[in-house]
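Topology and contacts: notes
Residue strings, one per chain:
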2 protein chains.
Amino acid sequence: MAAPSVAVDNLNPKVLKCEYAVRGEIVIHAQRLQQQLQTQPGSLPFDEILYCNIGNPQSLGQQPVTFFREVLALCDHPCLLDRAETKSLFSADAISRATTILASIPGRATGAYSHSQGIKGLRDAIAAGIASRDGYPANADDIFLTDGASPGVHMMMQLLIRNEKDGILCPIPQYPLYSASIALHGGALVPYYLNESTGWGLEISDLKKQLEDARSKGIDVRALVVINPGNPTGQVLAEENQRDIVKFCKNEGLVLLADEVYQENIYVDNKKFNSFKKIARSMGYNEDDLPLVSFQSVSKGYYGECGKRGGYMEITGFSAPVREQIYKVASVNLCSNITGQILASLVMNPPKAGDASYASYKAEKDGILQSLARRAKALEDAFNNLEGITCNKTEGAMYLFPQLLLPRKAIEAAKAANKAPDAFYALRLLESTGIVVVPGSGFGQVPGTWHIRCTILPQEEKIPAIITRFKTFHESFMAAYRD
Amino acid sequence: MAAPSVAVDNLNPKVLKCEYAVRGEIVIHAQRLQQQLQTQPGSLPFDEILYCNIGNPQSLGQQPVTFFREVLALCDHPCLLDRAETKSLFSADAISRATTILASIPGRATGAYSHSQGIKGLRDAIAAGIASRDGYPANADDIFLTDGASPGVHMMMQLLIRNEKDGILCPIPQYPLYSASIALHGGALVPYYLNESTGWGLEISDLKKQLEDARSKGIDVRALVVINPGNPTGQVLAEENQRDIVKFCKNEGLVLLADEVYQENIYVDNKKFNSFKKIARSMGYNEDDLPLVSFQSVSKGYYGECGKRGGYMEITGFSAPVREQIYKVASVNLCSNITGQILASLVMNPPKAGDASYASYKAEKDGILQSLARRAKALEDAFNNLEGITCNKTEGAMYLFPQLLLPRKAIEAAKAANKAPDAFYALRLLESTGIVVVPGSGFGQVPGTWHIRCTILPQEEKIPAIITRFKTFHESFMAAYRD
């Protein structure tokens, strides 16, 4: 009998090395428990699985923004625009927006492959949205529409990483898309640590130190990833800090990869979102000074349209021959999905005051964002009220990243079970309460510290019960392992 | 002044090596000419660019299937289902299908990330469609929904290719997604030649020879790509030939990567589509005998929904640990877009006799497929009537791949212009007529032969004028370069 032609030990080792905890072991176990709840109701100490592992708002009951969905439905089935009934079913501005969008698509063909960067008219709308957000010009030729932000990140890693001596500076903790993508493309993740004690501050001195360390080991550091607002930290960078980062990238010749997918998710009055492009331009830096990529997605914000897989990258500061290579890689996959492209244009150009939908749109948007702010605060307070847990403020994004000060006995029990202590804790939490969180080890953390990432997304009316379930579990966990 | 941190000479060399002619130089030139037509009408010897370079039916005026779009619109904006007007705007079976689909999505949330393989209920529908097509069982757990077929192909290449000593057997000519993807992942394309003189027949003896050649050079050949119906050849494999291929893969321990995206596109009575899985099962081979991946897409067939980016791969014959790795890679990108997922389920489970939409659905489907058959025949005849062109029959898919017997003087002129002779011809054709085709060199061909790939997709009423334009150009080209 011949050995199987394909086995784990003859797969691409880069694939084997890649890890993605957000949908890793804990989540697979949760899916099993969910099936058990269906086939054997009452067999577990809870009656539903609560997925707090992933920023997936609509899976937890968040409703889509009506205007966006009206436009999508009309673009999917344009004959509706010729029917009288449509006027009573759809808002007037959704009808006119769909008409405008269809007119910008050659042949009104929403079922055709588009230009590999995306439909020109939609890129124009996005560029106008960026310009109005930043107060600096933006160019449709710089926009590459993508199926969510992830394919854009992969594309840039594929472009920049030649071998294991090419490094990418990434925050620790980081969103594991970055570690996974660097592993898949065979590069080196060069970590820089966010400072938990200053609210996950980014310190240029640490950046410099890590860069020099990596260079001394022969690593060619090519780019710096910044996630702002932060995932998993929930931190929003101060403008001053952003200026320092821009200057650092310029001085060190690094590409700045700016993950800005949470740009609409800010929950505190003393912070606001500034794009890195705006910061760079405000410092007088132009295209010649800094290669910069800004990633945006339709999955986050108040819209949370994860399943539509829409997003874009805005690419500035690259030479024409490099841009041709980016275009070529984009063209191998033909184009991103048109529904996602349309949605990306809507997100960057939503209804304005005076539009028929504006009042209801604004009520939906404000309702979601204000509720998210309240949920973040309630969960943060709850975590901080528990023995052995400290939790920084969630200024933005969709997550809390509390630190667990675990008793020595719990750490030993985890070791005996061959788990990281935070994975051990998260598994126990799941099995006791049905709450799914991601262990901090999936994001990276200062060695010897333990965290979990928990989203702020469960529906608001469920939060008090979740807090109670969590508190009961945590107290019994601490009681069981108290030193 | 420091050197730019990112320049072509410090990009990933695999990216530089990758080529994708379907959207390459000729197409970029065509886009420039199209802009010129807009800014300076009358400045070129034609008044429109006719894109015959890519299988993109709706860009050339093909209308989407009404039932599919009705269901998509209802799933995008489910509140429509609660309104009385909807009954007069949508067919009854589209309403009931959308209701069923929404019920299969947790929380009816079409805006949520799904399971990384795709929504379970949709995978069930697809598996049922495969089982009814093949007469052999199919399993929803084997289905991975993807954003079109291309990301599935990339995923398999990423899994199988470790380094430049891992080879993938590919037909020549081939669809350049394969050569591009192998280049991007750093593997070796091991060519096998389709025999033009037997209607692009696939000969096992040539497969064996190429495999042994590659092995003698130290290449570990891991998989065989077969495109059936063929792209760019338009050939449909005979059942006997498929059996030989299956036996060959089993005996040689190769993964069979079956590109079956044109399974609905068959234009001749004496051929029918057989999936490789059906063939393998009919030979008594089961999962233990053969690792097999079947790629399907919503972009082709009679539906042609390229812009929706839907598709799936059906993966059988891989061990559980290998499947876990495939799942992990899929999970890093979270999921494919839900609109494409829904469409993939519709394509594999269209209206049936007795459904309210069946008659109109069938009329639309038959109308498109019969017209494509007539267009293929008309273009094939036209090519064969030209001096120095021979063209095999298009039995399936969406392309003609005629051979150009170019005069020596034309070949010299091409050389002087630093172009491959077929690229030179295609460029002249574009500049004289506005017709965009892809040179055979983009697909691979027997050295010293020259071809072009031309789609059969221009609307039927335009075909006579296209033939006239083509004939006029070709005659003057031949006259100019006659030896």
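Residues numbered from 1 in each chain as written. Chains lettered and ligands numbered in written order. Predicted model: local features only at pLDDT ≥ 70, side-chain atom pairs only at ≥ 80, totals over all residues. Heavy atoms only, no water.

**What about the overall build of chain A?**
This is how it is decided: The helix count covers DSSP runs of H or I at least four residues long, the strand count covers runs of E at least two residues long, and both are numbered beginning at the N terminus. Restricting the calculation to C-alpha atoms gives the radius of gyration, and the globule rule supplies 2.2 Å times the number of residues raised to the power 0.38. For the exposure calls, accessible area comes from a 1.4 Å probe over protein chains only, and a residue counts as buried if that area is under 20% of its type's maximum, exposed if over 50%, partly exposed in between. By definition in these notes, contact holds between two residues if any of their heavy atoms fall within 4.5 Å.
Looking only at helices and strands, chain A features 17 helices and 14 strands. What you see for chain A is a C-alpha radius of gyration of 23 Å, in line with the 23 Å of a compact globule of 483 residues. Here the C-alpha coordinates of chain A stretch approximately 70 × 65 × 60 Å along the principal axes. The 483 residues of chain A split such that 63% are buried. Of the contacts made within chain A by residues no fewer than 6 positions apart, 73% connect residues no fewer than 24 positions apart.

**Some points on the sheet that holds strand S4 (residues 188-193) of chain B**
Paired through backbone hydrogen bonds, the strands of a sheet run either parallel or antiparallel to each other. All names here are of chain B. Put simply, the rule is: One bridge is not enough; two strands pair if DSSP finds at least two bridges between them. To get an axis, a line is fitted to the C-alpha atoms, and for a helix only the part in contact is used. The angle between two axes follows their N-to-C directions and goes from 0 to 180 degrees.
Ordered in space as S2-S8-S7-S6-S5-S3-S4, the seven strands form an open sheet in which the pairing is mixed. Every interior strand has two partners, whereas the edge strands, strand S2 (143-146) and S4, have only one. Geometrically, the sheet is characterised by an average inter-axis angle of 20 degrees between neighbouring strands, direction not taken into account. One ladder, built from five bridges, connects strand S5 (residues 220-227) with strand S6 (residues 255-259); its direction is parallel. Note on S6: the bridge partner recorded for Leu224 is Leu256.

**Re the sheet that holds strand S6 (residues 255-259) of chain A**
All names here are of chain A. Taken together, the seven strands give an open sheet; going across it, the order is S2-S8-S7-S6-S5-S3-S4, and neighbouring strands pair in mixed fashion. Both outer strands of the open sheet, strand S2 (143-146) and strand S4 (188-193), are each paired with one neighbouring strand and no more. Looking at each pair of strands side by side, their axes are set apart by 20 degrees on average, direction ignored.

**Brief notes about the packing of helix H2 (residues 25-39) of chain B against helix H16 (residues 421-433) of chain B**
Residue and element names in this part refer to chain B. What counts is decided by this rule: Here the word oblique covers every angle except those under 35 degrees (roughly parallel), over 145 (roughly antiparallel) and from 65 to 115 (roughly perpendicular). The sense of a crossing depends on the near helix, which, turned anticlockwise from the far helix by less than a right angle, makes the crossing left-handed and, turned clockwise, makes it right-handed. Each residue receives one of three labels: charged for Asp, Glu, Lys and Arg, nonpolar for Ala, Val, Leu, Ile, Met, Phe, Trp, Tyr, Cys and Pro, and polar for the others, Gly being one of them.
The interhelical angle for the contact between H2 and H16, taken along N-to-C directions, is 15 degrees, at an axis separation of 11 Å. The orientation of H2 with respect to H16, classified from their angle, is roughly parallel. By crossing handedness, the relation of H2 to H16 is classed as right-handed. Each of Ile26, His29, Ala30 and Leu33 in H2 lies in contact with H16, whose residues at this interface are Ala423, Ala426, Leu427, Leu430 and Glu431. Within the contact of H2 with H16, the residues separate by chemical class into seven nonpolar, one polar and one charged.

**Description of the environment of Ile279 of chain A**
Residues and elements named next belong to chain A. Looking at where Ile279 falls in the secondary structure, it is placed in helix H11 (residues 276-282). Separated by 147 residues in sequence, Ile279 and Ser132 have C-alpha atoms that sit 14 Å apart. Apart from the residues within four sequence positions on either side, Ile279 is in contact with Glu239, Gln242, Arg243, Val246 and Asn274.

**Focus on the relation of the copies chain A and chain B**
For the pair of chain copies, the relating operation is a rotation around an axis with a shift along it. Convention followed: A least-squares fit on C-alpha atoms brings the copies together, and the residues used are those whose pLDDT is at least 70 in both copies.
The operation relating chain A to chain B is a screw motion whose rotation component is 180 degrees, with 0.0 Å of axial translation and a residual RMSD of 0.0 Å. These values place the two chain copies in the arrangement generated by a two-fold rotation axis. Using C-alpha coordinates, one finds that chain A approaches the rotation axis most closely at Ala73 of chain A, a distance of 2.1 Å. A high fraction, 100%, of the interface residues of chain A reappear at the interface in chain B, so the copies pair face to face through one surface.

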